[in-house]
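Remarks on the overall topology
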Amino acid sequence: MALALFAEEDYEEVAARLTETLVSWGCWDDSWGLPTSGGITQARRRLGPEPLELLYDRVAEPVAGLLTRGAFLREWRLMAIDGFELDVPDTPANAAAFGYASGESRSAFPKVRVVTIGECGSHAKIAAQMGPAGGKGTCEQALARRLFPRLAGDWLLIADRGFYNWPDWQAAAATGAALVWRVKSDLRLPVLELLPDGSC
């Protein structure tokens, strides 16, 4: 968690910041020495991702208050779902798990696709799913489906046009959340009723 808070710092500097604070609070053993970056890397590898994933799922929640600008529209908490890709270290394990982006040439690093639900007012990420950036079943829609059970009835979920399809809309709407999703311009919907103002 500290590495995420101090993302611009190297491992040793992050460890030094943590221990200095704990020493100043009187709750740290002064005889303890800083680990090397190799030692921290090995410890992270032994730990694996599961404890951090469990911690995130337990503590990630909306943080905006009623006065937070852009956080609410009437009775709804404004939320947005979006996806992005990240480079991960070029290791055999990451290459096997995530693969490389394809195109004119293979990407330099393996890529992980991330889809998050975030609070519009605070930008806090409430839920996230990760997967390979390429291959069958790895699109943003597939990752988003795993997030729909996290939606709440007092949320208004905004989504870009890449997320829309009728089964996913129905699944998200079944949670009780309000939805505002863009659709592709070539989407053709049947006319159910013509309205007096010319819309339908």
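First things first, this report covers the structure right here in the doc. Predicted, not measured: the structure shown is a model, and the values here were computed from it.

Analysis parameters
Residues numbered from 1 in each chain as written. Predicted model: local features only at pLDDT ≥ 70, side-chain atom pairs only at ≥ 80, totals over all residues. Heavy atoms only, no water. Core = buried A, V, L, I, M, F, W, Y, C linked by side-chain atoms within 4.5 Å. Buried < 20%, exposed > 50% of the residue type's maximum accessible area, 1.4 Å probe, protein only. Helix = DSSP H or I, 4+ residues; strand = E, 2+ residues; numbered from the N terminus. Contact = heavy atoms within 4.5 Å. Phe/Tyr/Trp six-rings, centres within 6.5 Å; stacked < 30°, edge-to-face > 60°. Axes fitted to C-alpha atoms, helices over the stretch in contact; angles between N-to-C directions. Parallel < 35°, antiparallel > 145°, perpendicular 65-115°, else oblique. Nonpolar A, V, L, I, M, F, W, Y, C, P; charged D, E, K, R; others polar.

Some remarks on the nonpolar core
Within the largest apolar cluster, 21 residues are counted, with the highest numbers of intra-cluster contacts made by I81, V115, I117, F148, L151, L157 and W181. Of all the elements in the fold, those that place two or more residues in this core are β2 (76-87), β3 (111-119), β4 (125-132), α6 (140-147), β5 (155-159) and β6 (178-181). With near-sequence residues (within four places) excluded, V115 lies in contact with I81, D82, G83, A127, A128, Q129, E140, L143, A144, L147 and F163.

Some points on the packing of aromatic side chains
Pairs of aromatic rings are described using the distance from one ring centre to the other and the angle between the two planes. Applying the stated criterion across every chain yields a total of three aromatic pairs. Pairing W169 with W181 gives two aromatic rings, centres 5.4 Å apart and planes at 85°, and the pair type is edge-to-face. Taken together, the positions of W169 in helix α7 (residues 166-173) and W181 in strand β6 put the pair twelve residues apart, joining distant regions of the chain. By relative accessible area, which is 25% here, W169 ends up partly exposed. Residue W181 is classed as buried on the basis of its relative accessible area of 10%. Each residue in the set F148, Y164, W169 and W181 is aromatic and connected to the rest through ring pairs, giving one cluster.

Some thoughts on the environment of R74
The topology assignment puts R74 in the loop between β1 (72-73) and β2. With 82 residues separating them in the primary sequence, R74 and L156 have C-alpha atoms 10 Å apart.

A short note on the packing of helix α2 (residues 11-24) against helix α3 (residues 37-47)
Where α2 meets α3, the closest approach of the two axes is 8 Å, and the angle between their N-to-C directions is 85°. For the element pair α2 / α3, the angle class is roughly perpendicular. Judged by residue contacts, Y11, E12 and A15 of α2 engage S37, I40, T41 and R44 from α3. Tallied by class, the residues present in the contact of α2 with α3 amount to three nonpolar, two polar and two charged.

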